[in-house]
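The primary structure of each chain is shown beneath.
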Amino acid sequence: MKCSVHFYLMNDHFSKEHAEANYGGNESELNRKFEWEDELNITTDIDEVIFHQGAVYPLRGETPEGAFSYDVGDMNLFELKSKEDGSTYVGCSASLMDSYELKDDGEFVLNVLLKDFEPMSNPVPGIYISAQAFPKELIKHV
């Protein structure tokens, strides 16, 4: 089944009252509901989506100094399971997530709302880690 994942950064300054009073409840140019959207279209067929609350995400990669591996805890991860290609994970630090909605109408559509008040990083597509949880060893001081 096709699958798309949408992450939305909520605008903490969005006024629902202003939108309802002036724009029929809709956002306007100066009163945006979301600051940005990140859309991922998964290229493999997905059979199942499983939510893992408070999970550990293994952040791995390489820097000019060599390979690294860190376990980032307290993550809310969505496992996108495929019989053909195994599992793909997307998600965010639990402190960043406001809510999520998973639609299954012949196609999976996952919408994740992220809170606006905490700085975050996006080290790989579909993974958002709060600044507080990001491995300090990977942050360069200038």
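In this report, we go over the structure that sits alongside the text.

About the criteria used
- Residue numbers run consecutively from 1 along every chain, following the written order of its sequence.
- A pLDDT threshold of at least 70 governs which residues receive local features in this predicted model, and a stricter bar of 80 or more applies before side-chain atom pairs are shown or counted, although totals over entire chains, interfaces and linings include all residues.
- Calculation of side-chain values draws on the structure's entire complement of heavy atoms; hydrogens and water are dropped beforehand.
- For Phe, Tyr and Trp, rings pair up if their centres lie within 6.5 Å, where Trp contributes its six-membered ring, and each pair is then called stacked (planes under 30 degrees apart), edge-to-face (over 60) or tilted (otherwise).
- By the criteria applied, helices consist of DSSP H or I runs no shorter than four residues and strands consist of E runs no shorter than two, each listed in order from the N terminus.
- Think of it in three bands: with a 1.4 Å probe and only protein chains considered, a residue is buried below 20% of the maximum accessible area for its type, exposed above 50%, and partly exposed in between.
- Paired strands, as defined in this entry, are two strands with at least two bridges between them according to DSSP.
- Axis lines are fitted through C-alpha atoms, for helices just across the contact stretch, and the angle between N-to-C directions can take any value from 0 to 180 degrees.

**Considering the packing of aromatic side chains**
According to the stated counting rule, one finds 6 aromatic pairs in the structure shown. Ring plane angle 55° and centroid distance 4.8 Å describe the contact between Phe7 and Tyr128, whose orientation is recorded as tilted. Taken together, the residues Phe7 in strand E1 (residues 3–10) and Tyr128 in strand E9 (residues 127–130) connect sequence positions 121 residues apart. The exposure class of Phe7 is buried, given its relative accessible area of 0%. What makes Tyr128 buried here is its relative accessible area of 3%. Three or more aromatic residues joined by ring pairs form one cluster here, namely Phe7, Trp36 and Tyr128.

**Observations concerning the sheet that holds strand E8 (residues 120–124)**
Here 5 strands make up an open sheet; going across it, the order is E3-E4-E5-E9-E8 and the pairing mixed. Lying at the two open borders of the sheet, with one neighbouring strand each, are strand E3 (48–63) and E8. Ignoring strand direction, the axes of neighbouring strands in this sheet form an average angle of 40°. As paired strands, strand E5 (residues 86–93) and E9 are joined by 2 bridges and run parallel to one another. Counterpart to Gly91 in the pairing with E9 is Ile127.

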